[in-house]
Amino acid sequence: MSNGFYKVPAAVNEPVKSYAPGSKERELTLNSFKEQYNTQVDIPLFIGGEEIRTGDTKDLFPPFDHKHKLGVYHQADKALVEKAISTALEAKKKWANMPWEHRASIFLKAAELLAGPYRAKINAATMIAQAKTLHQAEIDSACEFIDFLRFNVQFMTQIYSEQPASSEGVWNRIEHRPLEGFVYAITPFNFTAISGNLPASAALMGNVVVWKPSATQIYSARVIVEVFKLAGLPDGVINVVYGNSAMITDTLLASPDFAGIHFTGSTGVFNSMWTKIGQNINNYKTYPRIVGETGGKDFVIAHPSSCAKEVAVALTRGAFEYQGQKCSAASRAYIPASMWPKVKEYMGADLATIKMGTPEDPSNFVSSVISESSFDKLAKYIDQAQADSDAEVVFGGKYDKSVGYFIEPTVIVTTNPQYETIKTELFGPVLTIYVYEDAKWSETLKLVDETSVYALTGAIFSKCRYAAIEATDALVNAAGNFYINDKPTGAVVGQQPFGGARASGTNDKAGSVLNLLRWVSPRTIKETFVPATDYKYPFLG
């Protein structure tokens, strides 16, 4: 029985290792890459304590070498999805009543496993499955994932410790119950950290989860499952299913015990789920929590006072790290005419030195995009830009899928501020630039705000503080994560809680106390020590 007010270890951001030539971490990760790459896997469903292999399998391939088979994963049918629900609800009876410090210990142990013995394995798996470079895997599947786990424990204690005031003769207190039912976690391919955090954050608060990873991230998701099991997560708390997305979602959303959805993915899919939840609203035991981080068309706007070199580097990194497949990636930029020649010169010089290829070669800055469908979509937009009179491909523009889904970092300059690629989310290494007249700074801010339906991240560059203030005010609703003199990527847990509004999601800020509050249902308790024995109030005398 708990009999102490426990103080958890202070959360500190996990240091990013260098992976410099000759470093131990470089050697360990590349060795793990080779070992995993040359070993085929057979990935089951994880429901309760069972590893279920249905025989209905799909093949796994790395996107940078789509002829190399990594193994297979097994798909669920409707009966197994329903089994995942019943298994989760059964597990909840004990999990929800587990003292919070023991739930905390499980996820803190998971963080230590990722920081130590599993660091190389999860980074290498992410490199293989999602074509991330050494550095991109390190900041994602190791450091950010570790940060989520550690900081979420700290945020949980913050939530539990904040209590209401009490009056004379009364003790008021508040408890934060897990949601009544189960949480459905749907995770994306692009961040292993997000894939681990979405089910884990809900589970930490006492909930049980049915988790469906992206099909293109299942390979590295299996390592997350392994870490959680080794950390002591009880069977049935997080159940993992793969298969037909529509069937899985329809089955889960039809359950009366559906209590919430934790989602990262496309705006269109999120909208369709919200619609289904609305259609089923009378079937649920409670109003579900709907939490989603969706699309983005993230901007960089430079003021004429800014430094051209700083802007160019921010664009190169912000647009092309991880092949532009970050939710926060810079995909549209607004550059003043006086600065554009210099920005173009600096970007051209940098892009000329960028290497592209397998993530196993640490000298490659970019690798492939995630899938053939993504490749085909991006190639179509590049071809169209090369044909259109109001657009010009100034850098890149080449692509090849003979071995892997490789697309060169591509920069399009348009004279049309409503050009298709400056409005549409592409999710790839394509940056569209609009060059504006210096005197039209304020007008261009309005253009930035109104061009896109999204509002995830954005950045402004300015050495003029008045211009920075003007931009911050004018773009108040244009980005949930706003950057001044920095690229619009790289949010750090505990420092820049992440999320946007408009068509970019519910802005519930993963990596903060705000997100964890969505996975609890508070109950206030008032205890009166000496109850009244006479119904009469003094005014009746």
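Residues numbered from 1 in each chain as written. Predicted model: local features only at pLDDT ≥ 70, side-chain atom pairs only at ≥ 80, totals over all residues. Heavy atoms only, no water.

By the naming in an unreviewed UniProt entry, the protein chain is L-glutamate gamma-semialdehyde dehydrogenase, taken from Myroides phaeus. A UniProt comment under Sequence similarities (unreviewed entry) is attached to the protein chain, and it reads "Belongs to the aldehyde dehydrogenase family." The UniProt entry for the protein chain carries the following comment under Catalytic activity (unreviewed entry): "L-glutamate 5-semialdehyde + NAD(+) + H2O = L-glutamate + NADH + 2 H(+)". (UniProt positions renumbered as here; feature names shortened; annotations may be inferred.)

Trainee: Could you clarify how one ought to interpret the overall build of the protein chain in this entry?
Mentor: Each helix and strand counted, the protein chain has 16 helices and 23 strands in total. For 541 residues, the compact-globule estimate of 2.2 N^0.38 gives 24 Å, and the C-alpha radius of gyration of the protein chain, at 25 Å, lies within 12% of that figure. Principal axes of the C-alpha set define a box for the protein chain whose edges measure 85 × 65 × 50 Å. Burial statistics for the protein chain: of 541 residues in total, 56% are counted as buried. Put simply, 77% of the contacts in the protein chain that link residues at least 6 apart link residues at least 24 apart. Carbon and sulfur atoms make up 53% of the accessible area of the protein chain, which totals about 22700 Å². Of the side-chain charges in the protein chain, 52 are positive and 56 negative, and the distance between the mean point of each set is 3 Å. (Helix = DSSP H or I, 4+ residues; strand = E, 2+ residues; numbered from the N terminus. Rg over C-alpha atoms; globule rule 2.2 N^0.38 Å. Buried < 20%, exposed > 50% of the residue type's maximum accessible area, 1.4 Å probe, protein only. Contact = heavy atoms within 4.5 Å. Areas by Shrake-Rupley, 256 points an atom, 1.4 Å probe, with all protein chains shown as cover. Lys, Arg positive; Asp, Glu negative; His and termini not counted. Charge placed at Lys NZ, Arg CZ, Asp CG, Glu CD.)

Trainee: In this structure, what is going on with a nonpolar patch on the surface? I would like to understand it.
Mentor: A surface patch of nonpolar side chains, about 570 Å² in accessible area, is lined by Y535, Y537, F539 and L540. Checked against the element boundaries, F539 lands in the segment after strand 23 (520–528). Among the residues examined, F539 registers a relative accessible area of 66% and is labelled exposed. (Patch = residues over 30% accessible without salt bridge, like charges linked within 9 Å, V, L, I, M, F, W, Y side chains within 5 Å. Salt bridge = Lys/Arg side-chain N within 4 Å of Asp/Glu carboxyl O.)

Trainee: Whenever I open this one, the side chain of S504 confuses me. Can you help?
Mentor: With respect to the helices and strands, S504 occurs in the loop between strand 22 (501–502) and helix 16 (513–516). Of the polar contacts made by the side chain of S504, one reaches the backbone nitrogen of A455; its length is 2.9 Å. Apart from residues lying up to four places away in sequence, S504 is in contact with G292, E293, T294, G295, G296, Y454, A455 and L456. (Polar contact = N/O pair within 3.5 Å; in protein donor to acceptor, adjacent residues only side chain to side chain.)

Trainee: Explain the sheet that holds strand 18 (residues 430–436) here, please?
Mentor: Either a parallel or an antiparallel arrangement is found when strands of a sheet pair, and the pairing is made through backbone hydrogen bonds. Sheet architecture is open: seven strands sit in the order 14-17-18-13-12-20-21, paired in mixed fashion. Edge positions in the sheet fall to strand 14 (391–395) and strand 21 (481–484), since each of these pairs with one other strand and no more. Between one strand axis and the next, the sheet turns by 20° as a mean value, whatever way the strands run. When strand 13 (residues 330–336) meets strand 18, the two strands line up parallel, connected through five bridges. Opposite P336, over in strand 18, you have Y436 as the bridge partner. Contacts from helix 12 (residues 372–387) reach strand 14, strand 17 (410–414) and strand 18, with the element oriented near 110° to strand 14. (Pairing = 2+ DSSP bridges. Axes fitted to C-alpha atoms, helices over the stretch in contact; angles between N-to-C directions.)

Trainee: Please explain the packing of helix 8 (residues 245–253) against helix 9 (residues 267–279) as it appears in this structure.
Mentor: A packed helix pair is summarised by two numbers, namely the angle formed by the two axes and the spacing between the axes. Contact pair helix 8 / helix 9: the axes reach a minimum separation of 10 Å and the direction vectors enclose 30°. For the element pair helix 8 and helix 9, the recorded crossing hand is right-handed. Contacts between helix 8 and helix 9 involve T249, D250 and L253 from the first element and M273, K276 and I277 from the second. Considering only residue class, the contact of helix 8 with helix 9 consists of three nonpolar, one polar and two charged. (Left-handed = near helix turned anticlockwise from the far one by under 90°. Nonpolar A, V, L, I, M, F, W, Y, C, P; charged D, E, K, R; others polar.)

Trainee: What's the story with the pattern of salt bridges in this structure? I'm lost.
Mentor: A side chain of one charge can pair with a side chain of the opposite charge when the charged atoms of the two come close. Throughout the structure, instances matching the rule amount to 27 salt bridges. E90 serves as the salt-bridge partner of K93, at 2.9 Å between the closest nitrogen and oxygen. Remark: E90 and K93 occur in helix 2 (residues 78–95); sequence separation between them is three residues, near one turn of the helix. Through salt bridges that share partners, E14, E112, R119, E138 and R150 make up one connected network.

Trainee: How should the sheet that holds strand 5 (residues 71–74) be read in this particular structure?
Mentor: Spatially, three strands are ordered 1-5-4 in an open sheet, and the strand pairing comes out mixed. Two strands close off the open sheet at either side, each with one partner strand: strand 1 (41–43) and strand 4 (57–60). Strand-to-strand twist in this sheet, taken as the mean axis angle between neighbours without regard to direction, amounts to 20°. In the sheet, strand 4 pairs with strand 5 via four bridges, with the strands oriented antiparallel. Bridge pairing in strand 5 places L60 opposite G71.

Trainee: Is there a simple way to explain the pairing of strand 7 (residues 182–186) in this structure?
Mentor: Two faces belong to every sheet, and in a regular strand the side chains alternate between them. Extensive coverage of strand 7 is indicated by the burial of five of its five residues. With burial as the criterion, each face of strand 7 is covered, one bearing F182, Y184 and I186 and the other bearing V183 and A185. As paired elements, strand 7 and strand 8 (residues 208–212) share five bridges and run parallel to each other. If you follow I186 over to strand 8, its bridge partner there is K212. Handedness of the crossover joining strand 7 and strand 8 through helix 6 (residues 192–204) is recorded here as right-handed. Pairing of strand 7 with strand 10 (residues 258–264) involves five bridges; the strand directions are parallel. Across the sheet, the residue bridging to A185 is H262, located in strand 10. (Right-handed = clockwise from strand over helix to strand, strands pointing away.)

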